[in-house]
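Breakdown of the fold
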Amino acid sequence: MPSIGVIGCGTVGATMVAALAARHEQFGGPGELVLVDRPEGRWRGRAYQRDTEAVLANGPMIGMSLYLNDAQHGVRWAEAKGLAVHPDERGVHRFLSRPVYGDYLEDGVEEALETLRAAGWSIRSVEETATGVERDGAGVVIRYASGSVRVDQAVLCVGGRADDDAYGLNGTPGYIDDPYPLREALAEVPQDAEIAVIGSGMIATDVLMALRAFGHRGRVTLASRSGLLPSVRRKAARVLPAVLTAERLAALPRPVRMADIAALAREEVEAAGGDFAAVAADIMDPAPAEERLRRQLDDALSDDIGTQLLQRAVIEIGQDLWLALDEGDREEVLRTLHSRLWSFASPIPQSTAVKLVELCDEKRLRVRAGIETVERDGDGFLVRYEDGAADRADLVVNAVTSVYRPEPPSAGGMLGLARTSGLLADHPHGGIRVDEVTGRALDTSGQADDHLFVLGELTRGAYYFVSAVAAFTRRADEIAAALAELPAPRARDAVPAAG
Ligand SMILES: Cc1cc2nc3c(=O)[nH]c(=O)nc-3n(C[C@H](O)[C@H](O)[C@H](O)COP(=O)(O)OP(=O)(O)OC[C@H]3O[C@@H](n4cnc5c(N)ncnc54)[C@H](O)[C@@H]3O)c2cc1C
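Just so it is clear, the structure is predicted and the values come from calculations on it, not from any experiment.

**Side note on the domain arrangement of the chain**
Taken domain by domain, the chain comprises domain 1 (3-162 + 406-485), domain 2 (175-230 + 349-398) and domain 3 (246-345). Relative to domain 3, the C-alpha centre of domain 1 lies at a distance of 28 Å. In this complex, domain 1 contributes 16 residues to the contact, which on the side of domain 3 involves 17 residues. Interface area for domain 1 against domain 3, summed over the two sides, is near 1500 Å², with a carbon-plus-sulfur share of 62%. On the domain 1 side of the contact with domain 3, His429, Tyr464 and Phe465 bury the most area, a combined 54% of that side's loss. Inspection of the domain 1/domain 3 interface yields 1 salt bridge. Of the charged contacts in the structure, one is a salt bridge between Arg474 and Asp320, with a shortest N-O distance of 3.0 Å. Inspection of the region where domain 1 meets domain 3 yields 7 residue pairs in polar contact (both at pLDDT 80 or more). Contributions of two or more residues to the side of domain 1 that touches domain 3 are made by α14 (460-463) and α15 (469-485). Sort the elements by how many residues they give to the side of domain 1 that touches domain 3 and α15 lands first, with 4 residues.

**What to know about the layout of surface pockets**
In this model, the second largest pocket occupies a volume close to 520 Å³. Forming the walls of the second largest pocket are 23 residues, and the residues nearest its centre are Met258, Ile261, Ala265, Ile283 and Leu341. Of all the elements in the fold, those that place two or more residues in the lining of the second largest pocket are α7 (258-271), α8 (276-284), α10 (306-324) and α11 (327-345). In terms of residues, the lining of the second largest pocket owes the most to one element, α10, which gives 6 residues. Of the residues contributing to the lining of the second largest pocket, the split by class is 22 nonpolar, 1 polar and no charged.

**A closer look at the sheet that holds strand β13 (residues 380-385)**
Strand order in the open sheet formed by 3 strands is β12-β13-β14, with antiparallel pairing between adjacent strands. Each edge of the open sheet is held by one strand with a lone partner, namely β12 (371-377) and β14 (390-393). Within the sheet, the average angular offset between the axes of one strand and its neighbour, ignoring direction, is 20 degrees.

**A word on the site of the ligand**
Close contacts around the ligand come from 33 residues, with Thr11, Asp37, Arg46, Asn58 and Ser467 the closest. At 2.9 Å, a backbone N or O of Val12 approaches an oxygen atom of the ligand. Within the contact set of the ligand, an oxygen atom lies 2.8 Å away from a backbone nitrogen or oxygen of Arg46. Considering the ligand on its own, with 990 Å² of exposed area, one finds that the protein chains cover 93% of that surface. Broken down by secondary-structure element, the contributors of at least two residues to the shell around the ligand are α1 (11-22), α5 (202-213), α13 (409-420) and α15. Of the residues assigned to the shell around the ligand, the class counts are 18 nonpolar, 10 polar and 5 charged. Each of domain 1 (3-162 + 406-485) and domain 2 (175-230 + 349-398) gives at least three residues to the shell around the ligand.

**Remarks on the packing of aromatic side chains**
Under the definition given, this model contains 8 aromatic pairs. When the ring of Trp342 is compared with that of Tyr464, the centres are 5.8 Å apart and the planes differ by 80 degrees; the resulting orientation is edge-to-face. In this pair, Trp342 sits in helix α11 while Tyr464 sits in the loop between α14 and α15, placing the two residues 122 residues apart along the sequence. According to the relative accessible area criterion, Tyr464 is buried, its value standing at 4%. Joined through ring pairs, the aromatic side chains of Tyr48, Trp77, Tyr101 and Tyr104 make up one cluster. The cationic tip of Arg330 hangs over the ring face of Trp322; the distance from NZ or CZ to the ring centre is 5.7 Å. Here the guanidinium or amino end of Arg376 rests over the ring plane of Phe381, the centre of that ring lying 4.9 Å away.

**So, the state of the cysteines**
All chains considered together, the criterion is met by 0 disulfides. No disulfide involves Cys9; its sulfur sits 7.8 Å from the nearest other cysteine sulfur, which is in Cys157. On the basis of relative accessible area, Cys9 is assigned to the buried category, the value being 1%.

**A few points about the packing of α5 against helix α12 (residues 350-361)**
Where α5 contacts α12, the two axes come as close as 11 Å, and the packing angle between them is 70 degrees. Overall, the two elements α5 and α12 adopt an arrangement that is roughly perpendicular. Packed against α5, whose contacting residues are Thr205, Leu208, Met209 and Arg212, the element α12 presents Thr352, Lys355, Leu356, Glu358 and Leu359 at the interface. In terms of residue class, the contact of α5 with α12 is built from 4 nonpolar, 2 polar and 3 charged.

**Some words on the confidence of the model for the chain**
Overall, the predicted model of the chain reaches an average pLDDT of 94, with 97% of residues at or above 70. Long-range and interchain partners of residues 491-499, a stretch whose pLDDT sits below 50, account for 21 contacts in this model, where long-range means more than four residues apart.

What counts and what doesn't
Residues numbered from 1 in each chain as written. Predicted model: local features only at pLDDT ≥ 70, side-chain atom pairs only at ≥ 80, totals over all residues. Heavy atoms only, no water. Domains from an automatic or database assignment. Contact = heavy atoms within 4.5 Å. Buried area = accessible area lost by both parts, 1.4 Å probe. Salt bridge = Lys/Arg side-chain N within 4 Å of Asp/Glu carboxyl O. Polar contact = N/O pair within 3.5 Å; in protein donor to acceptor, adjacent residues only side chain to side chain. Helix = DSSP H or I, 4+ residues; strand = E, 2+ residues; numbered from the N terminus. 1 Å grid on protein atoms, 1.4 Å probe; cavity = no way out; pocket = protein on both sides within 12 Å on 5 of 7 lines; lining within 4 Å. Points joined across faces, edges and corners; volume = space filled by probe spheres on them. Nonpolar A, V, L, I, M, F, W, Y, C, P; charged D, E, K, R; others polar. Pairing = 2+ DSSP bridges. Axes fitted to C-alpha atoms, helices over the stretch in contact; angles between N-to-C directions. Near = heavy atom within 4 Å. Areas by Shrake-Rupley, 256 points an atom, 1.4 Å probe, with all protein chains shown as cover. Phe/Tyr/Trp six-rings, centres within 6.5 Å; stacked < 30°, edge-to-face > 60°. Buried < 20%, exposed > 50% of the residue type's maximum accessible area, 1.4 Å probe, protein only. Lys NZ or Arg CZ within 6 Å of the ring centre and 35° of its normal. Disulfide = S-S within 2.5 Å. Parallel < 35°, antiparallel > 145°, perpendicular 65-115°, else oblique. pLDDT = per-residue confidence, 0-100.

Here you go:
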């Protein structure tokens, strides 16, 4: 029977377990599943941990199913619990809070494990962080502090998005380097503290929602390079891209250029009667944050579905677009377009946007572009900008997720060793090199490994769009399919593994 190790049991690990359960009948027989991660917060990961309910999932439940081929799975779970997840009568999406979505992940994985157990699989849990991963004959040895386990195949799902200490402030009193869990990091912040948040994306929005819920009354400045807030989610609409499709993409000459994609995007929006120039201007030449926020909120119920079509296309074929894109264009995206693209592609709920506008009205929120440095200044901080301006703050909260963000410290040792041994290789655009069709790790000679797979944030260099649950379920399914196709392992060779 095959034994499969899942290293890292956060959200991405959850999608891997669900994908194995969905395909269990395609394996030659029941196998063994070995789950390796510390016990705290399993399946919830960082984003959906038990924390304040003031932060919402930014995707509707229909797009966040654990199962690639059962989009309604999460919706059914929510309905059974009496939770509202369908758009209201005006078409405004409703969202679960992130901790409640975490409940879904926990329940969904339990259901998947039950499916596997019922089919004869054995489930083993190693409640420790992996410290090493090594190839051993036709298998993989996963090491951890108290021992090791040998499996036939392993999938690395250790996450990413470690916050970047861009200004060397870690350990400085008054500097909050990681705002999660929000309740622990922010609930005790003095009510009238002047706060600077480094970053203006989704994590910064979380910080604002949490501070508001915890009764903070002072001013918050979001200071980032781009000065861009996430866009505001528009009303629910049945959108199915007819132009930005896998088929049309496949028909384009290689390598695909940004101009080709822009032409398809124009055709897509205009075929639906939308205003492409307006959508494109909002992405390429966005207005200052507060003005853009107010306008997007005003437009959120518009019948022009151009924005929703393009956002849908990012989910459907964003990774394929990235894989087909000209190398120079990819570098250009990473260098100059990244913040604008992510602001567009990861919209926040309208209810969150309404609260942001209220904070602006009350002069408790401002968004500043062109951050240059943050330095200690007496018992506070000074945030300096490219235009020479500077803001004082009592506290600084780190909410940066840069395009070249580092790996999680918990996995750094293991990944470092695997790189040194040649088992894993760096992708030039970040993360680890993988075979782009199957998710197999590529070693330093470019050889795909039948025994080691990589899923999630570590594959960001290869696929770029690696932050949505829908993107994980697709790749998890491909890995499960590849695992099911592998020949059954022969009897184990030598090196007994400690338990
Ligand atoms: C604030 C925030 C909000 C988001 N909201 C949404 C949303 O609404 N909708 C959406 O689709 N996406 C959202 N995302 C994106 C996406 O869902 C998350 O990025 C996703 O949860 C990432 O999951 P993960 O498992 O890769 O990482 P993590 O959640 O970080 O989990 C990684 C796991 O790996 C474990 N691990 C690390 N090192 C080791 C090791 N050495 N050995 C064993 N285990 C290890 C960790 O303990 C952890 O359990 C959000 C992301 C963030 C950060």
